[in-house]
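Close look at the chain arrangement
Listed here are the chains, written in short residue letters.
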Amino acid sequence: MRNKTIKVGYLARVEGEGGLYIRTKGGKVADVKLNIFEPPRFFEAFLRGRFMHEVPDITARICGICPVAYQMSSVHALEDALGVKVTGQLRELRRLLYCGEWIESHVLHAFFLHAPDFLGYPDAIQLSKDHPKIVESALRMKKAGNEIVRVVGGREIHPINVRVGGFYRLPKRAELAGLRETLLAVRDEARAAVLFTGTLPFPELEIDYHFVALRHESEYPFCEGRLVSNRGLDIPIREYNDHFVEIHVEHSNALHSEMRDGGAYFVGPLARYHLNHELLPASCREAAAAAGLGPTCRNPFRSITVRCVETLYAIEEAIRIIDQYQAPDAPFVEASPCAGIGHGCSEAPRGILYHRYAIDEDGRVREAKIVPPTSQNQKTIEEDLRAFVEKHPHLNDEQLTWQCEQAVRNYDPCISCATHFLRLHREEES
Amino acid sequence: MSKTRKPKLAVWKFASCDGCQLSLLDCEDELLTVASILEIANFAEATRTVLKGPYDLSLVEGSITTPHDAERIHQIRRMSKHLVTIGACANAGGIQALRNFRDVNEFISAVYASPEFISTLAKSTPISDHVHVDFELRGCPIDKKQLLEVVQAFLQGRKPRTPAHSVCVECKLRGTVCVMVSKGMPCLGPVTYAGCGALCPSYHRGCFGCFGPKETVNTASLAAWLASHGVSRIDRVDAFRGFSAWSDAFRKESEAQERGEGVEHA
């Protein structure tokens, strides 16, 4: 019997603390665990008793990379509880804000966390020494995304302008006009990014995933729609708990999610893309096709290209919203406290983010439940690692370790949301 | 040590949202310049490269919430010539310090089905409770221009220039009409450090204290003002129980409000 242990230390270029354990026996994987050490912070416990208007400011602090997602899921869930519907231009402004977060988060991941793997660099700074144009272009796109969040949300990280019912203040016409110029300037760069990432060397792996995403009747989804899957799931958001369950496993401080009838599922760009492909504008579908993507992509390593397609979409959608924008009469719809239960789900850059709140007649939170995308993907990440290790027995320890890290990074896991520390133990029994 | 050696920068994470370290990557116009002046020796969110210490400057994000982290911060201090904490978690325990006012075991059972799997401390505490801190950069999140100023100051061997006044002063500087005086909105501006540019009042809402308590603040007077503007006792407690709830000034005031003290001064 031969035992081997490989230690990676911190899993780099992800947001949070996690570890990895893989044991092989006779060429087969006997055990795979994605360990999550990220210390628990107990948001669902301390939200109890807080007034509804504090909720989007507090839940933003779950994640510095995707605060808008937390704010959007929480305001939609609270509005559902209060019987308030935000429509028209206020709804458009929320989509605009979300476009900004998709752009900054996707470009950060694609070029700063993910692309260095494919090109053999430890990070984007080293990459920039040989390929300055790629990194400089990524920085311009990321800045444009952050600019949207700053103009509509007040600041890039933990925006202050999101409110139950709408916003505290409407953006000024001149601010939006400036934003439009910035977005036009990076639109072609986003198209070039789709094509460039299509030329990267992708490790072989095709998996028949159970994709789950929001689907809206007429638009690529952000905050509204039904929860659908490629295996027949089609439910309103409020039935989420009837179909998905969280399980507490010993090796993780993030709860694992599963379908109630058993089994892992996949949330995030590949799922959204598969389930909403025809809702993308022709320009985005053409760019995807030119980069070698069909309407479905089952190789998780190719998620980098799908993120770039979604970045292009978010830039075009943001320009569309600005072009049609007419200031509404008021920055928000009044929402008076009343007792109720509400559900909200939005498409965070990493996949569906579900919130449920029960509030009392004074508008205080009685119960909160938050299911982040990375919790939902943990089981699928473990299954990917199992499939990848079995398919690539010829790789040496160093290559295998790097590519296993890369396989985890395919998910852009936000370990702070769900989990920071990757240690690969490869035990081989022969 | 040769004179041409680049100073080594390390970035460390404890319990937090990653937002403050992200502020460095959000310096889109300056990032490549910073990387050409400093050697990024340890920054897990950005690179696989890990260079050994000692480090000239360590930026520490997050609060101490586990027995393992309470050990790890001492190792980091030993490896760091200068240690700067960034953000409300590292400076004051963060929003996760709300557990400090309650029973953490009840919190664990409220969130996790199998409490026995969870290893956590009863309190979320600031870095300065554990090791010597050379400078605390405030904010939830920190301001990226202030971050660049702090990095530059340490490179030049001088004290960082960050404002010592309150958000109130920032409102006056930018000409924002006082939301408390003109609209009766509750606002923590008088007791909160400047740094955000008095953002919330310019968005027609009161400050909720992201940059933490300013030195020598009169929170009792503000609480009395809040009471006179119709803010209920429970909302006055919560007003001080945000991202810097475990800072001395805000903790004492929220506890005083909880006991029902001080309102008669209104």
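Note that the structure is predicted; figures quoted are calculated from it, not measured.

What to know about the overall build of chain B
- Of the regular secondary structure elements, chain B holds 12 helices and five strands.
- The C-alpha atoms of chain B give 20 Å as radius of gyration, which agrees with the globular expectation for 266 residues (18 Å, within 12%).
- The principal-axis extent of the C-alpha atoms belonging to chain B is close to 65 × 50 × 25 Å.
- The buried share among the 266 residues of chain B stands at 58%.
- Contacts in chain B between residues at least 24 apart in sequence constitute 70% of all its contacts with a sequence separation of at least 6.
- As displayed, chain B offers around 11100 Å² of accessible surface, 55% of which is attributable to carbon and sulfur atoms.
- Here chain B carries 31 positive and 29 negative side-chain charges, and the mean point of each set is 5 Å from the other.

Points about helix α11 (residues 303-324) of chain A
- In a regular helix each residue adds 1.5 Å, so 22 residues correspond to 32 Å; α11(A) covers 31 Å between its end C-alpha atoms and thus fits that length.
- Of all 22 residues that make up α11(A), 19 are buried, and the element is covered over most of its length.

Examining the domain arrangement of chain B
Residues and elements named next belong to chain B.
- Assigned domains within chain B: domain 1 (8-155) and domain 2 (167-265).
- On a C-alpha basis, the centres of domain 1 and domain 2 stand 26 Å from each other.
- Of the roughly 1300 Å² buried at the junction of domain 1 and domain 2 (both faces included), carbon and sulfur atoms supply 66%.
- Interface area lost by domain 1 to domain 2 is led by Phe 101, Arg 138 and Cys 140, which between them contribute 39%.
- On inspection of domain 1 and its partner domain 2, the count reaches zero salt bridges.
- Tallied by class, the residues present in the side of domain 1 that touches domain 2 amount to nine nonpolar, five polar and four charged.

Quick notes on the packing of helix α4 (residues 88-119) of chain A against helix α7 (residues 173-198) of chain A
Residue and element names in this part refer to chain A.
- The contact between α4 and α7 brings their axes to 13 Å, and the two run at 35 degrees. The way α4 lies across α7 gives a crossing that is left-handed. Contact with α4, carried on its side by Leu 96, Ile 103, Phe 111 and Leu 119, involves Leu 176, Leu 183, Ala 193, Phe 196 and Thr 197 of α7 and no other residues of that element.
- Here the contact of α4 with α7 is composed, by residue class, of eight nonpolar, one polar and no charged.

Let's talk about unusual backbone geometry
- The linkage connecting B:Gly53 with the following residue, B:Pro54, adopts the cis geometry, with an omega of 0 degrees.
- In this fold, B:Pro54 is placed in the loop between β2 (39-43) and β3 (55-61).
- Note the cis peptide between B:Cys140 and B:Pro141, where omega equals 5 degrees.
- For B:Pro141, the location among the structural elements is in the loop between β5 (135-137) and α6 (144-155).
- Phi is positive for A:Phe42, which is not a glycine, with a value near 65 degrees.
- Turning to its location among the elements, A:Phe42 is positioned in the loop between β2 (28-36) and α1 (43-46).
- With a relative accessible area of 4%, A:Phe42 lands in the buried category.
- Non-glycine residue B:His204 carries a positive phi angle of around 60 degrees.
- By the secondary structure assignment, B:His204 is in the loop between α9 (199-202) and α10 (219-228).
- The partly exposed category is assigned to B:His204, whose relative accessible area is 36%.

With respect to the packing of aromatic side chains
- For the structure on display, the rule yields 20 aromatic pairs over all chains.
- Measuring from ring centre to ring centre gives 5.3 Å for A:Phe211 and A:Phe266, while their planes differ by 90 degrees; the resulting arrangement is edge-to-face. With A:Phe211 in the loop between α7 and β5 (212-215) and A:Phe266 in the loop between β9 (256-259) and α9 (269-276), this pair connects stretches of sequence that are 55 residues apart.
- Of note, A:Arg61 hangs over the ring of B:Phe243, and the distance from its end group to the ring centre comes to 3.8 Å.
- The ring of A:Phe332 is capped by A:Arg163, whose NZ or CZ atom sits 3.5 Å from the centre of that ring.

Considerations on the pattern of salt bridges
- Summed over all chains, the structure comprises 49 salt bridges over all chains.
- Of the charged contacts in the structure, one is a salt bridge between A:Arg48 and B:Glu106, with a shortest N-O distance of 3.0 Å. Of this pair, A:Arg48 sits in the loop between α1 and α2 (55-59) while B:Glu106 sits in helix α5 (residues 104-111), each in a different chain.

Looking at the environment of A:Ala282
All names here are of chain A.
- Residue placement: Ala 282 occurs in helix α10 (residues 282-290).
- In this structure Ala 282 comes out as partly exposed when scored by relative accessible area, which is 38%.
- Distance from Ala 282 to Gly 153, taken between C-alpha atoms, is 29 Å for residues 129 residues apart in sequence.

What counts as what
Residues numbered from 1 in each chain as written. Chains lettered and ligands numbered in written order. Predicted model: local features only at pLDDT ≥ 70, side-chain atom pairs only at ≥ 80, totals over all residues. Heavy atoms only, no water. Helix = DSSP H or I, 4+ residues; strand = E, 2+ residues; numbered from the N terminus. Rg over C-alpha atoms; globule rule 2.2 N^0.38 Å. Buried < 20%, exposed > 50% of the residue type's maximum accessible area, 1.4 Å probe, protein only. Contact = heavy atoms within 4.5 Å. Areas by Shrake-Rupley, 256 points an atom, 1.4 Å probe, with all protein chains shown as cover. Lys, Arg positive; Asp, Glu negative; His and termini not counted. Charge placed at Lys NZ, Arg CZ, Asp CG, Glu CD. Expected span 1.5 Å × (residues − 1). Domains from an automatic or database assignment. Buried area = accessible area lost by both parts, 1.4 Å probe. Salt bridge = Lys/Arg side-chain N within 4 Å of Asp/Glu carboxyl O. Nonpolar A, V, L, I, M, F, W, Y, C, P; charged D, E, K, R; others polar. Axes fitted to C-alpha atoms, helices over the stretch in contact; angles between N-to-C directions. Left-handed = near helix turned anticlockwise from the far one by under 90°. Phe/Tyr/Trp six-rings, centres within 6.5 Å; stacked < 30°, edge-to-face > 60°. Lys NZ or Arg CZ within 6 Å of the ring centre and 35° of its normal.

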